[in-house]
Amino acid sequence: MKFVLNVFSILMCAVSALGLLSCEKNDTEATSTIIGENVGEPYAEVQSEAKAKILTPLLQRGDSPARGYVYLELKQVAEENMTVSFTVDKNALQAYNKTNGTSYPMYPADKISLENDGTADILAGEKRSGTVAVTLSPGGVKGRTYAVPISAVVSDGTKKITNNKIYMYLVTPQEAAPQINADRAVRNLCYIEVNRESMLNAGEYTMKDTGEPFFDIASVFAANIRLNAEGKPYLSCNEQTTFVLDHIDKLVRPLQAKGIKVHLSVLGDHTAAGMRSLTDDAAALFARELKYYVDIYGFDGVDFDDEYSTYDTDQNAEPYIPSSAVMPDIASCTAERYAAFVYACRKEMPDTDFGIYWYKGIDYPAGTVQGKAVNDLVDYAIYGLYGKWRAIDAGTIAVEKQCPYAVSLTIGNENLYIDESSLTRIKNEGWGYFAIYDLLGSRGFENEFTRISRILYGEDVVWSGKLYDRTEFVPKNMQ
């Protein structure tokens, strides 16, 4: 091992004149630090949780901090326990800028802090370290883009290895999000099917009199809860959802800048993993992963949708993954387990909005967890059998947190049926939410939304006339 490291160090020094590496030969220490993306073969690589690609933009808004999460991934399994020291590396940023023709300034160093002084462990037999939070306190010039370069040194107690690929976040400090529709008694939520539609369409409808957005909340529909090869729950994002995450600054930030909250929907995916099946330990594990996504991508909330979890532990089922993370049988997958899962999420994310989407009558949380009633844990509940009326008992979730009637634009694209009597009930009986599913980008819905808005808000809706395709950032009808 020592011989390999010394040879590698010599090879790296040979190209240091290119400005990509810094070298210092030592009998017990390899000190080459890879800061380019395609230079040599690194010993390990700093990566971000939530599968965030390099240069992912963190959200620092108003007086709130931004937060990312990094870990070190080895190329091979560690043969012994190792310690990782993460550092905010100004020299690495300078070299990155030189190599890539960029000119990112570094975020103010006195505003960056690393959890546990930037240290984490890698246990023998493992490939990755523990996770370290990177917190950015408010600082810098609003609207200016900064970089946060993170490098790492690995030590086994006798030698240090620094030929490790860095990771870098970006951050553009922003003003606090505007507060919209302050006088509304009924909040308006829209689910966007990002498999085929663009989040940007939700920002093109405004109230005629106030000019504020028609939608209070837009939800990215959807990521999935699944079990990995080790039987542990994780958040799975398909290609289309990943596209939104990879372009969060172009597809989500414009909505948030208008005051629209953006949530991430989490949907069951025909497996035993779901909101009603996770054990307490698994719920805590998955809640922590959701926190990574919420913080790194800057989501305002999470919607939980339990409709497609099968809870099938039959070993003949496909795909079957034996797992101690889920309950042993379907009878154990209860509303109380759902409540325990939401409680775990609330512990991790006390200031995040949590919504429930339901329609079966068994797919919502109930009961009490550690003295907390479900009503204390969730912010809203949407009944999703579109065009029908149904509510959860007010003793479980309060009327002002519920949407007992919602509509789908998929079902009524050409002639959307709107039950005006149900809308009137929502307004007059104190229900707090109304929801629209599947905002299409094929045409405008100004007339339909105006019919809804006149009853709920006494005001017309205006459409900008802009239509966005899923993968485009400029209106398709104005190109």
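Everything below is about the structure printed above this text.
Keep in mind that this is a model prediction, so the values were computed, not measured.

Cut-offs applied
- Residues numbered from 1 in each chain as written.
- Predicted model: local features only at pLDDT ≥ 70, side-chain atom pairs only at ≥ 80, totals over all residues.
- Heavy atoms only, no water.
- Buried < 20%, exposed > 50% of the residue type's maximum accessible area, 1.4 Å probe, protein only.
- Helix = DSSP H or I, 4+ residues; strand = E, 2+ residues; numbered from the N terminus.
- Contact = heavy atoms within 4.5 Å.
- Polar contact = N/O pair within 3.5 Å; in protein donor to acceptor, adjacent residues only side chain to side chain.
- Axes fitted to C-alpha atoms, helices over the stretch in contact; angles between N-to-C directions.
- Parallel < 35°, antiparallel > 145°, perpendicular 65-115°, else oblique.
- Left-handed = near helix turned anticlockwise from the far one by under 90°.
- Nonpolar A, V, L, I, M, F, W, Y, C, P; charged D, E, K, R; others polar.
- Phe/Tyr/Trp six-rings, centres within 6.5 Å; stacked < 30°, edge-to-face > 60°.
- Salt bridge = Lys/Arg side-chain N within 4 Å of Asp/Glu carboxyl O.

A. Broad picture of helix H2 (residues 90–100). Inspection of H2 places Ala-92, Leu-93, Ala-95, Tyr-96 and Asn-97 among the buried residues, and these make up the whole buried set. Of the surrounding secondary structure, the elements contacted by the buried residues of H2 are strand S9 (146–155) and strand S12 (167–171). In the segment just after H2, Gly-101 is the residue with positive phi, at about 70°.

B. Region of the structure containing the side chain of Ser-453. The residue Ser-453 is located in helix H10 (residues 446–456) in this model. A distance of 2.6 Å separates a polar side-chain atom of Ser-453 from the backbone oxygen of Glu-459. If sequence neighbours within four positions are ignored, Ser-453 has contacts with Met-207, Phe-214, Gly-458, Glu-459 and Val-461.

C. View of the packing of helix H6 (residues 280–297) against helix H7 (residues 335–348). The interhelical angle for the contact between H6 and H7, taken along N-to-C directions, is 45°, at an axis separation of 8 Å. Relative to H7, H6 is oriented oblique. At the point where H6 passes H7, the crossing takes the right-handed sense. In contact with Asp-280, Ala-283, Ala-284, Phe-286, Ala-287, Arg-288, Leu-290 and Lys-291 of H6, H7 contributes Arg-337, Ala-340, Phe-341, Ala-344, Cys-345 and Glu-348. In terms of residue class, the contact of H6 with H7 is made up of 9 nonpolar, no polar and 5 charged.

D. Structural view of the packing of aromatic side chains. Enumeration according to the criterion identifies 25 aromatic pairs in this entry. Where Tyr-191 meets Phe-221, the ring centres are 6.2 Å apart and the plane angle is 80°; that geometry is what we call edge-to-face. In this pair, Tyr-191 is assigned in strand S13 (residues 187–193) and Phe-221 in strand S15 (residues 217–227), connecting sequence segments 30 residues apart. Across the pair, exposure class does not vary: Tyr-191 and Phe-221 are buried alike. Arranged with centres 5.9 Å apart and planes meeting at 85°, the rings of Phe-221 and Tyr-437 form a pair that is edge-to-face.

E. Looking closely at the pattern of salt bridges. Evaluation of the coordinates by the stated rule reveals 20 salt bridges. Arg-184 is the salt-bridge partner of Asp-216, the closest N and O atoms lying 2.7 Å from each other. With Asp-216 in the loop between strand S14 (205–207) and S15 and Arg-184 in the loop between S12 and S13, this residue pair connects regions lying 32 residues apart in the sequence. Classification of Asp-216 as buried rests on a relative accessible area of 4%. Exposure remark for Arg-184: the relative accessible area of 13% places this residue in the buried category.

F. Structural detail: unusual backbone geometry. Of note, the bond from Phe-221 into Ala-222 is cis; its omega dihedral lies within 30 degrees of zero at 5°. If you check the backbone angles, Lys-51 has positive phi at about 55° while not being a glycine. With respect to the helices, strands and loops of the structure, Lys-51 is situated in the loop between strand S2 (44–48) and strand S3 (57–58). Classification of Lys-51 as exposed rests on a relative accessible area of 61%.

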